[in-house]
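# Observations on chain architecture
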Amino acid sequence: ASGSTKISDRKFLTDRSAKEAPFVPIGMAGFAAIVAYGLYKLKSRGNTKMSVHLIHMRVAAQGFVVGAMTLGMGYSMYREFWAKPKP
């Protein structure tokens, strides 16, 4: 019984945090997609060295996450400062 309670608590916390910061799951999904794409393209990288390929994939994944975080911060600032109804 306690195991199912812990799982439902985690799901509640995950759902709540996803509603509060919607760009976090988007950033995580984008990161996973870029890593999956990099692994898929690993076979057909041509003459590119393995280290260069991995660096490019790391930079792309980090760039996506930083972009998602920036958009999330902008969205939070918009909701907090500009989208509030005037009292």
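The rules behind these values
- Residues numbered from 1 in each chain as written.
- Predicted model: local features only at pLDDT ≥ 70, side-chain atom pairs only at ≥ 80, totals over all residues.
- Heavy atoms only, no water.
- Helix = DSSP H or I, 4+ residues; strand = E, 2+ residues; numbered from the N terminus.
- Buried < 20%, exposed > 50% of the residue type's maximum accessible area, 1.4 Å probe, protein only.
- Contact = heavy atoms within 4.5 Å.
- Axes fitted to C-alpha atoms, helices over the stretch in contact; angles between N-to-C directions.
- Parallel < 35°, antiparallel > 145°, perpendicular 65-115°, else oblique.
- Left-handed = near helix turned anticlockwise from the far one by under 90°.
- Nonpolar A, V, L, I, M, F, W, Y, C, P; charged D, E, K, R; others polar.
- Phe/Tyr/Trp six-rings, centres within 6.5 Å; stacked < 30°, edge-to-face > 60°.
- Expected span 1.5 Å × (residues − 1).
- Arc of directions from axis to C-beta.

Right, let's get into the overall build of the chain. Scanning the chain for helices and strands turns up three helices and zero strands. Split into buried and exposed, the 87 residues of the chain put 9% on the buried side.

Looking at where arginine 45 falls in the secondary structure, it is placed in the loop between helix 2 (23–41) and helix 3 (50–82). Accessibility expressed as a relative area gives 29% for arginine 45, which makes it partly exposed. Residue contacts for arginine 45: discarding those within four places in its chain leaves Met50 and His53.

Next up on the list: the packing of helix 2 against helix 3. Where helix 2 meets helix 3, the axes come as close as 9 Å, and the angle between the chain directions of the two elements is 165 degrees. By the criterion of interaxial angle, the relationship of helix 2 to helix 3 is roughly antiparallel. Where helix 2 crosses over helix 3, the two elements pack in a sense that is right-handed. Listed contacts from helix 3 to Phe23, Ile26, Gly27, Gly30, Phe31, Ile34, Gly38 and Lys41 of helix 2 are His53, Met57, Ala60, Ala61, Phe64, Val65, Ala68, Leu71, Gly72 and Tyr75. Counted by class, the contact of helix 2 with helix 3 contains twelve nonpolar, five polar and one charged residues.

This part covers the packing of aromatic side chains. With the rule as written, the count across this model stands at one aromatic pair. Consider the rings of phenylalanine 81 and tryptophan 82, whose centres lie 6.4 Å apart with planes at 75 degrees: the pair is edge-to-face.

Time to look at helix 2. The first and last C-alpha atoms of helix 2 sit 26 Å apart over 19 residues, in line with the 27 Å expected at 1.5 Å per residue. Restricting attention to buried positions, one finds in helix 2 the residues Gly27, Gly30, Ile34 and Gly38. Around the axis of helix 2, the buried residues are gathered within 70 degrees of arc, so they sit on the same side. Exposed positions of helix 2 whose direction lies more than 90 degrees from the buried face are Met28, Leu39 and Tyr40. Among the structural elements, helix 3 are those in contact with the buried residues of helix 2.

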